[in-house]
Amino acid sequence: MRNEAEAAKVLVGADRVLILLHKDPDGDTIGGSLALGNALEHLDKKVTLACADPVPKPFRFLPGAERIQADFLAGDVETLVLVDCGDLIRCGFPDRISEFQKRGLPIINIDHHPKNDVHRIATINVVDQGVAAAVQIVAKIIDDLDITIDADIATCLLCGLYTDTGGFRHSNADRGVLKFAAELLLKGARLRRVVKEITGSRNVGALKLVGLALSRVKVDHDLGLATSVIRKEDLELLGVTSGLGGVVNIINSIPGTRAAVLFTELPNGEIKGSVRTETEGVDVGKIAALFGGGGHKKAAGFRFKGRVETREDGDFEVFLD
Ligand SMILES: [Mn+2]
């Protein structure tokens, strides 16, 4: 039996399903989880959606987004589904996930990241590294559940496709992606709304933050690397917590560079790095893994304890603690 069909069979047999999104949630984990949750409710399942971090504002328009909880009751769960998680640390809720494992609950891992520690604990791995977004796998499972994709589900799926391909501009926006997007549009997916909410609206603070990040771009010609920095004071001053999506993609557009990194200093003393490349043969997922992070060949991220310091010439330097 194909893994999608096996996952669908387990889901049909479960009454109470918990769907977990990954920390620092993006459009793929949010869209995929909401689409699957919505489909399961058509089958009268009791669905709980949870994420260790809040859903960023640009994604709150998605149908059902208000139902994503910050926490959940572990005793209430029969089947666990992880969407787009990449690894266990990124899932959040480590204690309860190992509790589920001890109880022998079915754990379904829906993902398109390279093999990782989630594979070991999952009872069913529905993983395809060849797809651009986890929503493409979710759609197959929904198909196997025999649920018709309506306009709400289609909009959620399209959101994952849109964000994980950088608005259909990255090299992973292949024939399969565009064909699937066209099918979703035929089913009523609201592409204009997705574009407007996710990339077409930034408040003044967020725009100024983009400006700051761009004004600090440095290029290391030997490494072929473009970098920039956002300081925690910038976030406080401008009152911005989200809206930064896409800045690293702009930095990644400089001719002659091979990759781009945006360092963001977080209030908790960590530095978040977002890495992008469009260069053939460069795998930023491996670079992120050196810092304990992960991701894909073309887009990845990591976090470490560190700080940003200003040099005398006004330039910034990032240090590992
Ligand atoms: Mn993804």
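Note that the structure is predicted; figures quoted are calculated from it, not measured.

## Re the overall build of the protein chain
Phase 1 of the analysis: Secondary structure summary: the protein chain contains 13 helices and 13 strands in total.
Phase 2 of the analysis: Over its C-alpha atoms the protein chain spans a radius of gyration of 20 Å, differing by no more than 12% from the 20 Å that the globule rule assigns to 321 residues.
Phase 3 of the analysis: Viewed in the frame of its principal axes, the protein chain has a C-alpha envelope of about 65 × 45 × 40 Å.
Phase 4 of the analysis: Across the 321 residues in the protein chain, those meeting the buried criterion constitute 50%.

## What to know about the coordination of the manganese ion
Phase 1 of the analysis: Every protein donor of the manganese ion is listed here as Asp28 (OD), Asp84 (OD), His112 (NE2) and Asp164 (OD), and their distances to the metal cover 2.1 to 2.3 Å.
Phase 2 of the analysis: Taken in chain order, the donor set of the manganese ion reads D-x55-D-x27-H-x51-D. With a gap of 28 residues between them, Asp84 in the loop between β4 (79-83) and α3 (88-91) and His112 in the loop between β5 (107-111) and α5 (117-121) connect regions that are remote in the sequence.

## What about the pattern of salt bridges?
Phase 1 of the analysis: Following the criterion strictly, the structure yields 23 salt bridges and no others.
Phase 2 of the analysis: Note that Arg311 is salt-bridged to Asp313, the shortest N-O span being 2.9 Å.
Phase 3 of the analysis: Assessed through its relative accessible area of 33%, Arg311 is described here as partly exposed.
Phase 4 of the analysis: Residues joined in a network through salt bridges with shared partners are Arg16, Lys46, Asp76 and Glu78.

## With respect to a nonpolar patch on the surface
Phase 1 of the analysis: Together, Ile287, Leu290, Phe291 and Leu320 give the surface a local cluster of nonpolar side chains, amounting to about 400 Å² of exposed area.
Phase 2 of the analysis: According to the relative accessible area criterion, Leu290 is exposed, its value standing at 72%.

## Structural notes on the packing of aromatic side chains
Phase 1 of the analysis: In total, this model carries seven aromatic pairs according to the counting rule given.
Phase 2 of the analysis: Consider the rings of Phe263 and Phe302, whose centres lie 6.5 Å apart with planes at 70 degrees: the pair is edge-to-face. Within this pair, whereas Phe263 is found in strand β9 (residues 259-265), its partner Phe302 is found in strand β12 (residues 299-310), the two being separated by 39 residues in sequence.
Phase 3 of the analysis: Of the residues examined, Phe263 reaches a relative accessible area of 15% and is grouped as buried.
Phase 4 of the analysis: Overall, Phe302 belongs to the buried group, its relative accessible area being 6%.
Phase 5 of the analysis: Following the ring pairs from residue to residue traces out a cluster consisting of Phe263, Phe291, Phe302 and Phe304.
Phase 6 of the analysis: Directly above the aromatic system of Phe72 lies the positively charged group of Arg96, at a separation of 4.4 Å from the ring centroid.

## Comments concerning the side chain of Thr155
Phase 1 of the analysis: Considering the arrangement of structural elements, one finds Thr155 in helix α7 (residues 151-164).
Phase 2 of the analysis: Setting aside residues no more than four positions away along its own chain, Thr155 makes contact with Phe61, Leu62, Gly188, Ala189, Arg190 and Val194.

## Some words on the pairing of strand β13 (residues 316-320)
Phase 1 of the analysis: Across five bridges, β12 lies against β13 in antiparallel orientation. For Glu309, the partnering residue across the bridge sits in β13 and is Glu317.
Phase 2 of the analysis: Counted along the chain from β12 to the antiparallel partner β13, the turn is five residues long, and its residue Gly314 has a positive phi close to 90 degrees.

Calculation rules
Residues numbered from 1 in each chain as written. Predicted model: local features only at pLDDT ≥ 70, side-chain atom pairs only at ≥ 80, totals over all residues. Heavy atoms only, no water. Helix = DSSP H or I, 4+ residues; strand = E, 2+ residues; numbered from the N terminus. Rg over C-alpha atoms; globule rule 2.2 N^0.38 Å. Buried < 20%, exposed > 50% of the residue type's maximum accessible area, 1.4 Å probe, protein only. Donors = N, O, S within 2.8 Å, 3.2 Å for Na, K, Ca; no water. Salt bridge = Lys/Arg side-chain N within 4 Å of Asp/Glu carboxyl O. Patch = residues over 30% accessible without salt bridge, like charges linked within 9 Å, V, L, I, M, F, W, Y side chains within 5 Å. Areas by Shrake-Rupley, 256 points an atom, 1.4 Å probe, with all protein chains shown as cover. Phe/Tyr/Trp six-rings, centres within 6.5 Å; stacked < 30°, edge-to-face > 60°. Lys NZ or Arg CZ within 6 Å of the ring centre and 35° of its normal. Contact = heavy atoms within 4.5 Å. Pairing = 2+ DSSP bridges.

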